[in-house]
Amino acid sequence: MAQKAVELDRETFSCSICLDLLKDPVTTPCGHSYCKNCIKDHWDTEDEKRIYSCPQCRKSFTPRPELLKNTMLAALVEELKKTGLQTAPADLCYAGPEDVTCDVCTGRKLRAAKSCLVCLISYCEKHLQPHFDVAQFKKHKLVEPSEKLQENICSRHDEVLKIYCRTDQQCICILCSMDEHKGHDTVSAAAERTERQRELEESRHNIQQRIQDREEDVKLLQQEVEAINHSADKAVEHSEKIFTQLIRLMEERRSDVKQQVRSQQETEVSRVKELQEKLEQEITELKRKDAELKKLSHTEDHNQFLHNYPSLSALSESTHSSSIKIRPLKYFEDVTAAVSELRDKLQDVLRQKQTNVSLTETEVDVLLPQPEPKTRTDFLRYSRQITLDPNTAHKWLLLSEGNRKATDTRQHQSYSSHPDRFTYWVQVLSKESLTGRCYWEVKRRRGQVYIAVAYKNIRRAGNSKECAFGQNDKSWALDCDRNNFEFDYNGVYTPVSGPLSSRVGVYLDHSAGILSFYSVTDTMTLLHRVQTTFTQPLYAGVFVSDEASAEFCRLR
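So, how was this worked out
Residues numbered from 1 in each chain as written. Predicted model: local features only at pLDDT ≥ 70, side-chain atom pairs only at ≥ 80, totals over all residues. Heavy atoms only, no water. Helix = DSSP H or I, 4+ residues; strand = E, 2+ residues; numbered from the N terminus. Core = buried A, V, L, I, M, F, W, Y, C linked by side-chain atoms within 4.5 Å. Buried < 20%, exposed > 50% of the residue type's maximum accessible area, 1.4 Å probe, protein only. Contact = heavy atoms within 4.5 Å. Pairing = 2+ DSSP bridges. Axes fitted to C-alpha atoms, helices over the stretch in contact; angles between N-to-C directions. Phe/Tyr/Trp six-rings, centres within 6.5 Å; stacked < 30°, edge-to-face > 60°. Lys NZ or Arg CZ within 6 Å of the ring centre and 35° of its normal. Disulfide = S-S within 2.5 Å.

The protein carries the name Tripartite motif-containing protein 16-like in an unreviewed UniProt entry, which gives Sparus aurata as its organism.

Shown next, in the form of structure tokens:
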């Protein structure tokens, strides 16, 4: 308690300008006491104005008052010095090299606690007190200490910059608005700040939303990495089990398949992680931008806010899509299907001395969606050679042109019995399974032709809808009659308008779930597009009747 009393005495007998013990104390007419040199130096700076004020209460005097020594205070200070406590209080915070200093302090200056946008002066805690005690000062705008207060003064008129000129995009004073900015679109700096603050908050909201979206995208991509790895591991495991059942002749092919899967796995994981890294970099940049805008939004000085706002408010466009499209198809299922098919048909392959089995290339389209081709040249980049499988052909169908053409002869062909053969509907499937992006063209002649794609497990025997192209959920078909088009799926018939032509192009993006049919003349005209999810590899097929024919064209 005694120490606290001593500290109180020291503060009582300290000069409010230098904050040290009074030296040659003098008293102003308003009753406040200062070091003689401190108040003298302070009033020397006010000589030009010829109005002298008290640093504490701001009471003005005209003319300059005569300073008289306060003998009682002088005696008390001398007595206090004898106690050895004449040093400044330990809790006084002097300004460092990077601090804003108090403009009122003389001698060693204290760190400023606030800056006044009306007085255009920075104050330490001690000298700031009148702004809390005096009614006139309470209306002043206090902000965090700033070294740029003079930037709030018009260099031409020496007036405070309180107006914002929207025409010239700058802060001006009241005299500027009546001079070179006369007739311009002007508002108060506070009003402009409010408008810009609203825009800033909207930008921050957009940034935060993009951060959230990108973080979600990163999570999805990480899941895709795990799915790719899991699918690749299962494909390798399954391939290993199948190839161990084959004769020594197939050992080399087994190694090839394993290498293909691992290579594709590495490629796709690399692609996903590359985008993941880019998104994380964008998140970091957006967070940095958000921090800058947050800091700016807390700036209390309107002029500083408006000065810095244009350089910080612009929000760059995202370099990536706002969403990541994830495909439900298991990535290496095609490899598994191809190897299983190879095992089933090994005997036929060996009889025909065909050992060059080409596995279907798996394409993982998990990243940014690829645009659909526009011109025929673009489509031909994805062209696939389609050959028809005699084991699936109805017995009325004559296959020719290297098994690329099917003709309805209404006569039984000499096909052997096979479980894959369609027994009622006059249709046939391709040998090749289709995944990834593929394009092919079918040329039709005479009667009715259905141009279709179907899953391998579509039923073959009988006359039920489960066997017919377009009548079930395992096949999609474009009905090309002599005079019109119609799209069929799962027993639903959709009329299709478009120029009639003898050649129809089919574009498949298996991973994206896109199936499109085009009328091919001098130009490509879209007839119908399907957007769905394909869960299995597809096979091309045709249905022909009334002695019509359908030929899969050579495109290379």
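There is more to say, and it comes next.
Let's shift gears to unusual backbone geometry. Residue Thr 62 is joined to Pro 63 through a cis peptide bond whose omega torsion reads 0 degrees. With respect to the helices and strands, Pro 63 occurs in the loop between β4 (60–61) and β5 (68–69). The phi dihedral of Arg 58 falls on the positive side, at around 65 degrees, and the residue is not glycine. Among the secondary structure elements, Arg 58 is positioned in the loop between β3 (52–53) and β4. Even without being a glycine, Gln 169 presents a positive backbone phi close to 55 degrees.

Ranked by internal contacts, the top residues of the largest apolar core, which has 48 residues, are Trp 440, Phe 469, Trp 476, Leu 515 and Phe 517. Among the elements that make up this core, the one with the highest residue count is strand β16 (residues 449–455) (7 residues). Listed in part, the 40 residues of the second largest apolar core include Ile 207, Val 225, Ile 283 and Leu 306.

Here we come to the environment of Ala 232. You can see Ala 232 is positioned in helix α7 (residues 189–243). When the C-alpha atoms of Ala 232 and Lys 258 are compared, they prove to be 9.4 Å apart, with 26 residues separating the residues in sequence. Excluding residues that lie within four positions of it along the chain, Ala 232 makes contacts with Val 261, Arg 262, Gln 265 and Phe 332.

We now examine the sheet that holds β5. The 3 strands are arranged β2-β1-β5 in an open sheet whose pairing can be described as antiparallel. At either margin of the open sheet sits one strand with a lone partner, and together these are β2 (33–35) and β5. Across the sheet, helix α2 (residues 36–44) is in contact with β1 (25–27) and β2; its angle to β2 comes to roughly 90 degrees.

Taking strand neighbours across the sheet as the criterion, the 7 strands line up as β12-β13-β24-β15-β20-β21-β22 in an open arrangement whose pairing is antiparallel. Every interior strand has two partners, whereas the edge strands, β12 (397–400) and β22 (524–531), have only one. Here the average twist between neighbouring strands, direction ignored, is 20 degrees. By the bridge criterion, 3 bridges tie strand β13 (residues 405–408) to strand β24 (residues 549–552) in an arrangement that is antiparallel. The partner of Thr 407 across the bridge, within β24, is Ser 549.

Here the focus is the packing of aromatic side chains. What the rule picks out here adds up to 14 aromatic pairs. With a centroid separation of 6.0 Å and an interplanar angle of 55 degrees, the aromatic rings of Phe 487 and Phe 517 are classed as tilted. With a gap of 30 residues between them, Phe 487 in strand β18 (residues 485–489) and Phe 517 in strand β21 (residues 514–520) connect regions that are remote in the sequence. By way of ring pairs, the aromatic residues Phe 379, Tyr 382, Tyr 439, Tyr 507 and Tyr 518 are connected into one cluster. The ring of Phe 305 has Arg 193 sitting right over it, with the charged end atom 4.0 Å from the ring centre. Residue placement shows Arg 460 over the ring face of Phe 422; its charged tip is 5.2 Å from the ring centre.

Another aspect to go through is the state of the cysteines. For the structure on display, the rule yields 0 disulfides. Of all cysteine sulfurs, the one in Cys 116 lies closest to Cys 119, which takes part in no disulfide; the gap is 3.5 Å.

Of the pairings in the sheet, the one linking β18 to strand β19 (residues 492–496) comprises 5 bridges and is antiparallel in character. Among the inter-strand pairings, Asp 488 is bridged to a residue of β19, identified as Tyr 493. Where β18 hands over to β19, the hairpin turn is made up of 2 residues, of which Asn 490 adopts a positive phi near 55 degrees.

Bringing the environment of Cys 438 into the picture now. Within the secondary structure, Cys 438 sits in strand β15 (residues 437–445). Judged by its relative accessible area of 0%, Cys 438 is buried. Along the backbone, Cys 438 and Leu 380 are 58 residues apart, and their C-alpha atoms lie at a distance of 8.9 Å. Ignoring anything within four residues of it in the chain, the contact list for Cys 438 reads Tyr 382, Arg 384, Val 506, Tyr 507 and Leu 508.

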